[in-house]
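Remarks on the overall topology
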Amino acid sequence: MKSSQNRGFTLVELLVVIAIIGILVGLLLPAVQAAREAARRMSCSNNFKQIGLAIHNYHSAYKQVPTHGTGTQPGTPDQYFRTSALGNRYRLSMLVPTLPFIEQQGLWDQISNPSQQRTDGGIQSPPWPSMGSTPDQIQYIPWTTEIPGYRCPSDPGFGLPALGRTNYAACVGDSCWRVYFGPWNAQRTQQTAGASNQARAAHRGFFKPIDKTRFRDCLDGLSNTIAMGEIMTDLGDNDNRTITTESAPNSSAPGVSLASIRDNPTVCKPLINPERPRFWDPQYYMQSRKLFGRGYRWADHGPLFSGCMTILSPNSEVCGPYNTLGTTLIATMSSRHQGGCHVLMGDGAVIFISDSIEAGTSSAGNVWLNGTGAQAPGSASPYGVWGALGTRASGETIDEQLNQ
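Residues numbered from 1 in each chain as written. Predicted model: local features only at pLDDT ≥ 70, side-chain atom pairs only at ≥ 80, totals over all residues. Heavy atoms only, no water.

Scanning the protein chain from terminus to terminus reveals 7 helices and 7 strands. Helices (α) and strands (β) of the protein chain occur, in sequence order from the N terminus, as α-α-α-β-β-β-α-β-α-α-β-β-β-α. Across the 404 residues in the protein chain, those meeting the buried criterion constitute 53%. Contacts in the protein chain between residues at least 24 apart in sequence constitute 67% of all its contacts with a sequence separation of at least 6. Within the structure as shown, the protein chain displays about 18,100 Å² of accessible surface, and the carbon and sulfur contribution to it stands at 55%. (Helix = DSSP H or I, 4+ residues; strand = E, 2+ residues; numbered from the N terminus. Buried < 20%, exposed > 50% of the residue type's maximum accessible area, 1.4 Å probe, protein only. Contact = heavy atoms within 4.5 Å. Areas by Shrake-Rupley, 256 points an atom, 1.4 Å probe, with all protein chains shown as cover.)

Set out below in structure tokens:
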């Protein structure tokens, strides 16, 4: 009788099998990661489409697009004819009145009614008025609420020092001049002739800051006008796409001022780290700026938080003099997607724009009221196809296919 033996794997055979499995996993992992990013990018595009539908539904209801820079002044009577010492000074972004049209009626009800609730659990006295406080108040619960429809799944930003973050920003055109005050005076107590003239000349985008816009204002056509653009939120890593910088004292770097960025949007380039082009040079990093990053307040209409422009091409640096309200800067579009960012057109279409889009002369000055030559009011955008897409009535239409 012959005895039979069950022969198992040898150590060498087991190691060979493990090695083969490891190689296969290594080959499949990039494909899996790419598939996940493709899914996140699709989800981001869908979020933008929902916002586009909301803008169109809002226009159908109120015969205008949501105002970018809206709200109340202190002492304004609410729906119950009561006045309050608090108010938001017309600092609310267009994302606030859009809420009921993206199935956020519950949050809208909190904002549109007086409230005494606070983030810390205390009682607010006097109560928060209808339409809430200024959008930098962390104790006002709605402003700290994260809204999934306003976030790109590819962006990992979360939590303090930001309040509620957003990755979708209103496009105000191809000029940075007076985008924070619009046709109003600095106190926002009245519109003035001088400010209105400045606003009419410079504010050429789909959204006019603190002013009404209607579809009929888009003489170039809704399909030729960018309504909103995608932005990254700041992660506190000194990324020049998500935070501004400022010249250090006694340095050889050029000064960054309101006039300098208006007349040369590339004035901040010498402040970029030459060894790491996506980051500012460490010597220009100011610790105090960590509280004021891109996309940090979805409810704030300031260009740093929820505004964008078609001046520098996508994923270029955010250039501007540092100030706590983020009032004046070259608010560039950006994203965590590879090679470009999404834009929402006025007709509701969502398009992925490449970083390499033709953007004219980046160092050319913005169009504004007192500009001359190419900066004179009514001039064609100096920023090529990119700038033309950001203007609503400059007579520049795009015939080519923008999708990649």
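Picking up after the structure, the text goes on.
Turning our attention to the state of the cysteines. Counted according to the given criterion, the structure contains 1 disulfide. Shown here is the disulfide that connects C268 with C319, its sulfur atoms set 2.0 Å apart. Since a negative S-S torsion denotes a left-handed disulfide, the C268-C319 link at about 75° is right-handed. Of this pair, C268 sits in the loop between α5 (258-263) and α6 (303-306) while C319 sits in the loop between β5 (307-308) and β6 (340-345); the two residues are 51 residues apart in sequence, bridging distant segments of the chain. Given the relative accessible area of 0%, C319 is considered buried. Here C44 stays unpaired: no disulfide links it, and the sulfur of C152, its closest cysteine neighbor, is 3.6 Å away. With a relative accessible area of 0%, C44 lands in the buried category. (Disulfide = S-S within 2.5 Å.)

A few words now on the sheet that holds strand β7 (residues 350-354). Across the sheet, 5 strands lie side by side as β5-β3-β4-β6-β7; this open sheet has mixed pairing. If you trace the sheet from one side to the other, it starts and ends with β5 and β7, each paired once. (Pairing = 2+ DSSP bridges.)

A general tendency of soluble globular proteins is for nonpolar side chains to be buried together. Counting residues in hydrophobic clusters, the biggest one holds 34 residues, and the most contacted among them are I55, V96, L99, I111, M228 and W298. Contributions of two or more residues to this core are made by α1 (11-62), α2 (95-98), α3 (105-112), β3 (168-171) and β4 (226-230). Ranked by residues supplied to this core, first place goes to α1 with 5 residues. Other than its neighbours up to four places away in sequence, I55 contacts V65, P66, M94, F207, F215, M228 and L344. V267, F305, L329 and A364 belong to the second-largest nonpolar core, a separate cluster that totals 27 residues. (Core = buried A, V, L, I, M, F, W, Y, C linked by side-chain atoms within 4.5 Å.)

Looking now at the pattern of salt bridges. One pass over the full model with this rule turns up 11 salt bridges. In this structure, R204 engages D174 in a salt bridge whose closest nitrogen and oxygen atoms are separated by 2.7 Å. With R204 in the loop between α4 (193-202) and β4 and D174 in the loop between β3 and α4, this residue pair connects regions lying 30 residues apart in the sequence. Taken individually, R204 and D174 each receive the classification buried, so the pair is uniform in this respect. Two residues, R262 and D263, come together in a salt bridge whose shortest N-O distance is 3.0 Å. In this structure D263 comes out as partly exposed when scored by relative accessible area, which is 32%. Among the charged side chains, a salt-bridge network with shared partners connects R91, D136, R297 and D300. (Salt bridge = Lys/Arg side-chain N within 4 Å of Asp/Glu carboxyl O.)

Attention now goes to the confidence of the model for the protein chain. Any region with low pLDDT has predicted coordinates that should not be read closely. Summing up the model confidence of the protein chain, the mean pLDDT is 85 and the portion of residues at 70 or higher is 87%. Considering only residues more than four positions removed or in separate chains, one finds that residues 247-253, a stretch of pLDDT under 50, has 11 contacts. (pLDDT = per-residue confidence, 0-100.)

Looking now at the side chain of D239. With respect to the helices and strands, D239 occurs in the loop between β4 and α5. Given a relative accessible area of 3%, D239 falls into the buried group.

Taken together, the buried positions of α3 are L107, W108, I111 and S112. Viewed end-on, α3 has its buried residues packed into an arc of 130°, placing them on one side of the element. Against the buried residues of α3 lie α2. (Arc of directions from axis to C-beta.)

Counting buried residues in β4 gives 5 out of 5 residues, a clear majority hidden from the surface. As judged from the 3 bridges shared by β3 and β4, these two strands associate in the antiparallel manner. Residue pairing across strands places Y168 opposite E230, the latter belonging to β4.

Another aspect to go through is the packing of aromatic side chains. A full pass over the atoms with the stated rule returns 13 aromatic pairs. With a centroid separation of 4.7 Å and an interplanar angle of 45°, the aromatic rings of Y58 and Y62 are classed as tilted. One end of the pair is Y58 and the other is Y62, both in helix α1 and 4 residues apart, which spans about a single turn. Connected via pairs of aromatic rings, a cluster forms that spans W128, Y140, W143, Y150 and W298. The ring of Y180 carries the charged tip of R188 above its face, separated from the ring centre by 4.3 Å. Sitting above the plane of the W177 ring, R262 keeps its charged end 4.4 Å from the centroid. (Phe/Tyr/Trp six-rings, centres within 6.5 Å; stacked < 30°, edge-to-face > 60°. Lys NZ or Arg CZ within 6 Å of the ring centre and 35° of its normal.)

With respect to the helices and strands, G360 occurs in the loop between β7 and α7 (384-390). In this structure G360 comes out as partly exposed when scored by relative accessible area, which is 40%. Measuring from C-alpha to C-alpha, the distance between G360 and S313 comes to 9.3 Å, with 47 residues separating the pair along the chain. For G360, the residues in contact, after removing those within four places along its chain, are P382, Y383 and G384.

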